[in-house]
Number of protein chains: 2
Amino acid sequence: MYIGIDLGGTNIAVGLVDKKGNIIAQASTPTLRERPWTEIVKDMASLTHKVTAAAGKNLADIKVIGIGIPGNIDNENGVVVRAANLNMTNVPIVEEFRKHIDIPVNLENDANAAAYGEYFVQDPRRDNFLMVTLGTGVGGGIVIKGKIFRGFNGAGGEIGHHVIHEGGEKCTCGRRGCYETYASVTALINQTKKKMAEDPDTRMHKWVDIHGGVTGFTAFDCAAKGDAAAIEVRDKYITYVAEGIVNLINIFQPETVVIGGGISYEGETLLAPIREFVKKHEFNKQAPRTQIQVAALFNNAGIVGAAMAAKKQKFL
Amino acid sequence: MYIGIDLGGTNIAVGLVDKKGNIIAQASTPTLRERPWTEIVKDMASLTHKVTAAAGKNLADIKVIGIGIPGNIDNENGVVVRAANLNMTNVPIVEEFRKHIDIPVNLENDANAAAYGEYFVQDPRRDNFLMVTLGTGVGGGIVIKGKIFRGFNGAGGEIGHHVIHEGGEKCTCGRRGCYETYASVTALINQTKKKMAEDPDTRMHKWVDIHGGVTGFTAFDCAAKGDAAAIEVRDKYITYVAEGIVNLINIFQPETVVIGGGISYEGETLLAPIREFVKKHEFNKQAPRTQIQVAALFNNAGIVGAAMAAKKQKFL
């Protein structure tokens with residue numbers, strides 16, 4: 001058995017995972033990221049005890065523990081180099097964790113872990129696998145020949161921060177026009193609000209009255225009902241997402257691209273136009289083409305991926 | 001000893017290469033791409049005999065032969081899937097070559113071969129290596145942990161075809177705003193011509209009168225003399241190049257980026273502002289940073305890289 005720990009800015013989620021990537025038991029607790037980091041590690045350890053006991057197992061059954069972190073990690077030394085959302089800089093998290101539970105730990109970037117989780121459960125025979133997560137930002141994880149690609153310094157795979165529109169929308173990273181400023185759910189919400197301000201008659205206003213606010217689903221839901229303004233927002237957003245995916249396919253030629261994040265619940269509504277756009281615009285027209293699909297694990301990808309990456313320990 | 005063959009749209013260049021990547025003898029002949037491809041293969045074989053004899057060696061001294069091709073290749077079957085500049089589609093080039101010289105052959109994309117050549121001679125211990133070639137188009141080659149990265153279908157690494165300006169300049173690939181439409185030498189020439197049309201007083205007109213036409217050096221040469229219009233063209237062009245390099249660093253985090261192509265002769269004039277731009281705009285600010293330098297092999301990278309890639313036979 002394996003433990004996967006998904007340490008996020010909001011919650012600490014821990015799962016006991018079998019060798020096939022199935023979650024046997026899971027538990028979570030708020031991260032409360034303002035407290036001392038050693039307290040967070042203590043909770044990670046107690047949740048590990050909890051899920052192990054809940055499944056009628058004990059620590060001797062755990063081979064290795066994987067931790068996924070939203071930030072740059074130094075895997076070799078088990079150190080969080082920098083995780084802005086956790087207020088962590090140069091934190092020796094593995095050493096601290098092993099004071100509580102002395103089992104080998106593998107530290108991984110959370111987007112890499114999620115990508116590995118999807119790769120593992122969807123089909124681990126696939127050659128080159130790219131996961132694009134559309135959320136608050138745009139995250140990415142790359143698996144090449146079964147190995148997580150990290151870059152030479154552990155900071156690779158920041159696909160959300162490639163400029164697709166020079167001089168465009170201001171990004172949190174300081175540049176203008178990053179993919180994430182057009183294709184994240186945050187961007188979609190901004191695009192939706194802008195259109196609503198322009199068009200007082202769109203159905204989206206009513207949707208917001210009912211649901212209490214603009215979300216990533218506002219435009220998609222209203223577009224499905226035939227609202228012209230919503231269709232415009234949705235289709236333009238999908239074009240942005242697809243433009244970045246073509247960029248990444250031209251660079252990586254992965255066998256599979258998996259789209260994750262809440263908006264991927266839209267399934268074929270999102271996928272079909274992306275596939276069409278990619279087919280029309282990708283550079284490669286002769287060799288076999290990339291398959292594009294949605295995530296299977298959703299919120300559990302972090303737990304499963306951290307656990308299975310720790311099990312396999314194969315990195316580039 | 002090894003043979004490296006750089007089969008281009010204009011010339012066939014063949015070199016005898018030692019195990020350290022030094023070219024011992026080389027020869028070339030025009031490709032004449034309109035003729036039957038079997039004739040081209042015949043010339044590749046006769047140049048191989050020629051350079052071997054020129055070095056006082058014979059075919060028994062050749063361990064393996066590498067061929068670099070500007071197009072998609074099927075390495076396993078030794079087939080050129082598609083090479084537009086050679087008018088080749090599904091051509092069994094290795095089988096045909098071995099009718100003339102029966103020595104094992106490794107087929108490689110030419111940009112991958114060039115990247116591998118630079119990697120090999122600059123420092124083969126470097127972890128993740130990206131070569132960006134600024135020429136007629138923008139080519140790319142990626143070496144990860146000592147292995148050439150090809151993508152699952154052999155068509156990966158088309159970094160020139162990632163959109164940096166959505167809706168921008170029309171690209172030969174059919175999209176708008178590809179990196180290559182801003183950062184290639186072709187793009188620089190267009191940018192130079194546009195500025196010259198706007199500004200009848202720029203020194204660049206005189207440069208063109210002397211040199212017979214606009215080249216990639218027009219703006220760089222006149223900028224060095226203090227011409228304001230030329231400085232504007234040069235600096236804007238360098239910004240375009242740097243924008244794409246930041247994109248690629250954020251995605252790959254290579255230990256080294258090497259810039260190749262004729263314009264890389266500019267050396268520090270090109271590199272210094274790129275380094276400054278990258279330092280300011282790259283996403284990673286904590287982990288070790290990418291080194292940026294110019295190519296060492298220039299036109300010989302294809303020969304050396306094809307030969308050394310064939311020697312090593314390590315691919316992703």
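The model shown is predicted, which means the values in this text are computed figures rather than measured ones.

When you go through chain A residue by residue, the secondary structure sums to ten helices and 13 strands. Its C-alpha atoms give chain A a radius of gyration of 20 Å, within 12% of the compact-globule value 20 Å for 316 residues. Each of the three principal axes of chain A carries a C-alpha extent, and together these read 60 × 50 × 35 Å. Here chain A holds 316 residues, and the buried ones make up 59% of them.

This part is about the domain arrangement of chain A. Residue and element names in this part refer to chain A. Along its sequence, chain A is carved into domain 1 (2–118 + 300–312) and domain 2 (124–296). Between domain 1 and domain 2, the C-alpha centre-to-centre distance is 27 Å. Contacts between the two partners involve 13 residues from domain 1, matched on the other side by 16 residues from domain 2. Taken over both partners, the interface formed by domain 1 and domain 2 buries close to 1,100 Å², and the fraction arising from carbon and sulfur atoms is 55%. It is Asn112, Ala115 and Glu118 that lose the most area in domain 1 upon contact with domain 2, and together they represent 48% of the buried surface on that side. One can count one salt bridge joining domain 1 with domain 2. Between Glu108 and Arg150 there is a salt bridge whose closest N-O contact spans 2.6 Å. At the boundary of domain 1 and domain 2, one finds two residue pairs in polar contact (both at pLDDT 80 or more).

All names here are of chain B. Where burial is concerned, most of strand β10 (residues 138–144) is hidden: six out of the seven residues are buried. Count of turn residues in the strand β9 (residues 129–134)/β10 antiparallel hairpin: three residues. In sequence, β10 turns back onto strand β11 (residues 147–148) through a hairpin of two residues, with Lys145 there showing a positive phi of about 50°.

Quick look at the packing of aromatic side chains now. Residue and element names in this part refer to chain A. Scanning the model with the defined rule gives 15 aromatic pairs over all chains in all. A centroid spacing of 6.4 Å and a plane angle of 85° characterise the contact between Phe220 and Tyr237, whose relative ring orientation is edge-to-face. With a gap of 17 residues between them, Phe220 in helix α7 (residues 217–224) and Tyr237 in helix α8 (residues 228–252) connect regions that are remote in the sequence. Residue Tyr237 is classed as buried on the basis of its relative accessible area of 0%. Clustering of aromatic rings is evident, with ring pairs tying together Tyr116, Tyr119, Phe120 and Phe129.

Listed by partner, the interface residues are 46 residues for chain A and 46 residues for chain B. Of the roughly 4,300 Å² buried between chain A and chain B on both sides combined, carbon and sulfur atoms contribute 60%. Looking at the side of chain A facing chain B, the largest losses of area belong to Phe152(A), Glu166(A) and Ile251(A), adding up to 20% of the total buried there. Across the pair Glu243(B) and Arg175(A) runs a salt bridge, and its minimum N-O distance is 2.7 Å. Taken together, the connections running from chain A to chain B amount to 24 residue pairs in polar contact (both at pLDDT 80 or more). The set of elements that each furnish at least two residues to the side of chain A that touches chain B consists of β6 (79–83) and α8 of chain A. In terms of residue count, α8(A) provides more of the side of chain A that touches chain B than any other element does, ten residues in total. Of the residues contributing to the side of chain A that touches chain B, the split by class is 19 nonpolar, 17 polar and ten charged.

Packed helices, taken two at a time, are described by the angle their axes make and the gap between the axes. Residues and elements named next belong to chain A. Axis separation between helix α3 (residues 110–122) and helix α10 (residues 301–312) bottoms out at 7 Å; the angle between their running directions is 80°. Taken together, α3 and α10 sit at an angle that is classed as roughly perpendicular. Two secondary-structure elements touch here, α3 through Ala113, Ala114, Tyr116, Gly117, Glu118, Phe120 and Val121 and α10 through Ala301, Gly302, Val304, Gly305, Ala306, Met308, Ala309, Lys311 and Lys312. A breakdown of the residues in the contact of α3 with α10 according to their chemical character gives ten nonpolar, three polar and three charged.

Turning next to the pairing of strand β2 (residues 11–17) of chain A. All names here are of chain A. Along β2, six of the seven residues are buried, which leaves the element largely enclosed by surrounding structure. Bridge analysis of strand β1 (residues 2–7) against β2 gives six bridges, and the strand direction is antiparallel. Across the sheet, Leu7 pairs through a bridge with Ile12, a residue of β2. Between β1 and β2, which follow one another and run antiparallel, lie three residues. With seven bridges connecting them, β2 and strand β3 (residues 23–30) associate as antiparallel partners.

Let us look at the nonpolar core. Within the largest apolar cluster, 93 residues are counted, with the highest numbers of intra-cluster contacts made by Ile245(A), Ile274(A), Ile245(B) and Ile274(B). Contacts of Ile245(B), omitting those with residues within four sequence positions, involve Tyr179(B), Val257(B), Ile259(B), Ile274(B), Val278(B) and Ile292(B).

Definitions and cut-offs
- Residues numbered from 1 in each chain as written.
- Chains lettered and ligands numbered in written order.
- Predicted model: local features only at pLDDT ≥ 70, side-chain atom pairs only at ≥ 80, totals over all residues.
- Heavy atoms only, no water.
- Helix = DSSP H or I, 4+ residues; strand = E, 2+ residues; numbered from the N terminus.
- Rg over C-alpha atoms; globule rule 2.2 N^0.38 Å.
- Buried < 20%, exposed > 50% of the residue type's maximum accessible area, 1.4 Å probe, protein only.
- Domains from an automatic or database assignment.
- Contact = heavy atoms within 4.5 Å.
- Buried area = accessible area lost by both parts, 1.4 Å probe.
- Salt bridge = Lys/Arg side-chain N within 4 Å of Asp/Glu carboxyl O.
- Polar contact = N/O pair within 3.5 Å; in protein donor to acceptor, adjacent residues only side chain to side chain.
- Pairing = 2+ DSSP bridges.
- Phe/Tyr/Trp six-rings, centres within 6.5 Å; stacked < 30°, edge-to-face > 60°.
- Nonpolar A, V, L, I, M, F, W, Y, C, P; charged D, E, K, R; others polar.
- Axes fitted to C-alpha atoms, helices over the stretch in contact; angles between N-to-C directions.
- Parallel < 35°, antiparallel > 145°, perpendicular 65-115°, else oblique.
- Core = buried A, V, L, I, M, F, W, Y, C linked by side-chain atoms within 4.5 Å.

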